[in-house]
Amino acid sequence: MALRIYNSLTRSETEFQPLEPGKVRMYVCGITSYAPSHIGHARAYVAFDVVYRWLKRHYLVTFVRNFTDIDDKIIKAAHANGEDPMTLSERFIRMFGEDMNELGNAVPDVEPRVTTHIPEIVRMIETLEQQGFAYRLDGDVYYEVKKFQAYGRLSGRSLDQLEAGARVEVDERKRSPYDFALWKAAKPGEPFWDSPFGKGRPGWHIECSAMAEKYLGVRFDLHGGGKDLLFPHHENELAQSCAAHGTPEFANVWMHNGFVNLMPEGCPKCEAAVPEGAKVEAGLTCAACGYLFTEEDFKMSKSRGNFYPIREVLARYEGEALRLFFLTTHYRKPINFSHVLLEDAEKRLDKNYETLQEIERFTTQQTFTPGKSFAGIFGFDPLEKFKEAMDSDFNTAVALAEAAEVFRLANDLLRGDENKRLGRVLSPEETSRLLLDCQEMIRSMGDILGLWQAEPRAYLERRKIAKSSSLTMTPAQIEALIVERKEARNRKDFRRSDQIRDELKAKGIVLKDAKDGSTTWTVEES
RNA sequence: GGUGCCGUCGCCAAGUUGGUAAGGCAUAGGUUUGCAAAACCUACAUUCACCGGUUCAAAUCCGGUCGGCACCUCCA
């Protein structure tokens, strides 16, 4: 089956055909580095990371994601704390890199910055000026949207419609309120570069056009970003690039991811609206379902302005859990951010790693004999269905369902008694071989989704430590009680052994007895 | 005012070129266990906001109603 992608430009899902056989060139709009990146960024870049990984399976991909490192907001933020704009920008770029790493996102092939591409930008503005698409105004240079026939094609609006809406503040000097700055004259105290238009800096939009051209050419395959960028950012990029290149097309396929919505003023669990005048604060319960509001819920409601920094989330949850949470919803649909859902994702991930650990334990202790493959024995191939899901406009929700099937089968195999699906008992050798197949499938799916790549033992150990922070006992004390319980069990003193179990349970520690007689412990999440 | 999206089990969420409802969490019963935990098995939407239409057949198409959201201004 061929890969089909929803194209914002045509508003339809179509089969993907690279411009150049075997190769894909993609551009994704990066951040403006003036503040810590938020969960909206996290979702967008996880979504496009999966796109990148999937495309890499079939093509030689060049992935470009820029940094807009000079901009009004950066200058403003820098002035606010008496810092050099470049220093501030650099700091947030570094933070962004750390956040992306925690989320398991691959590093793009090129991460160009505006400030190191001023000549390319200036050259493009000059071209636009020569072609009659730009005009100068008091040291600024503007793009004249009326000169570009197809303006509005991407976002599906006409200039007439836009002007009827008229929510932009009107700058009387401009020929149209929708004309946008290609170059901005420097005000005193602002950073600037010399140019034929005077001292100044690039406007927003032009940097992406110039850098895309430099690294990907006049035409390329994919252009991505958040839904909010569709207008005006992408519309303007398209207008600039086509005008400067004298071509009717720019990116072949435009992809836009849906938003992360923060919870409204209501209960995060049952979504019951908070009655007028009622107080919502941490420690109170929801009248409808009894859910206990936490500090975070409250904070989230207050910060509807999109500011939930990635690192605040990562301080409490595994980056991989946040990733899994995003992937349970198709990338184009909006997703509601909530702690309840994130905890679900984290629990699911913990169980996945427990299964992976069990597989490892079993298969390293057991030899296997070659024989029929997984698909040959079970009569179906989860990997094929997984691929079909990915080919359907990157349907990670369905892909995840296929992965869940493999995990269930692996657990079934690990039980060691009659296999329910096959209706017979498998030999250890056969079980081992099938488990290795499962492991291989999970690794392979995970390689695309950016999940399940950690060493299970290391992951589980880290989780245990993270969850232990609220514990009143040290691991050594716990281990000592486990030893005592084992002795009690050996002499069949179940009263004492259960007493120890209950004691630990009360402190949030759950014991797990394995078949081989060993006992492990996990921390119950509060 | 303009443009677009969405409303599927208690919660999250697939499915919309029409053909008889994926998966996860939760819940109930069972197997297993000295007891647990985990795991596995079984059950859990004759129904897809509502109303009407097209059709042999609709969650999927058409019209309408109600409800939620986004964009048109910086924003992933």
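A quick note: this is a predicted structure, and the numbers were derived from the prediction, not measured. (Residues numbered from 1 in each chain as written. Chains lettered and ligands numbered in written order. Predicted model: local features only at pLDDT ≥ 70, side-chain atom pairs only at ≥ 80, totals over all residues. Heavy atoms only, no water.)

Structural notes on the side chain of D99
So, point 1. If you trace the backbone, D99 turns up in helix α3 (residues 85-102).
So, point 2. Residue contacts for D99: discarding those within four places in its chain leaves S37, I310, R311 and L314. (Helix = DSSP H or I, 4+ residues; strand = E, 2+ residues; numbered from the N terminus. Contact = heavy atoms within 4.5 Å.)

Examining the packing of aromatic side chains
So, point 1. Under the defined criterion, the tally for this structure stands at 19 aromatic pairs.
So, point 2. Here the guanidinium or amino end of R65 rests over the ring plane of Y45, the centre of that ring lying 5.1 Å away.
So, point 3. Sitting over the ring of Y135, R175 keeps its end group 4.0 Å from the ring centre. (Phe/Tyr/Trp six-rings, centres within 6.5 Å; stacked < 30°, edge-to-face > 60°. Lys NZ or Arg CZ within 6 Å of the ring centre and 35° of its normal.)

Notes on the confidence of the model for chain A
So, point 1. In the predicted model, chain A carries a mean pLDDT of 89, and 90% of its residues have values of at least 70.
So, point 2. When mean pLDDT is compared element by element in chain A, strand β4 (residues 60-65) scores highest at 98, while helix α8 (residues 295-302) scores lowest at 55.
So, point 3. Every residue in residues 275-280 scores below 50 in pLDDT, and together they form 4 contacts with partners more than four places removed in sequence or on other chains.
So, point 4. Here residues 301-305 is a poorly scored stretch, pLDDT under 50, and it has 8 contacts once near neighbours within four places are set aside; other chains count.
So, point 5. Here the prediction assigns the complex a pTM of 0.93, and the interface score ipTM is 0.95. (pLDDT = per-residue confidence, 0-100.)

Some remarks on the side chain of N66
So, point 1. In this structure, N66 sits in the loop between β4 and α2 (72-80).
So, point 2. Only 3.2 Å separates the side chain of N66 from the side chain of Y27, close enough to count as a polar contact.
So, point 3. Among the polar contacts made by the side chain of N66, one reaches the side chain of T68 at a distance of 3.2 Å. (Polar contact = N/O pair within 3.5 Å; in protein donor to acceptor, adjacent residues only side chain to side chain.)

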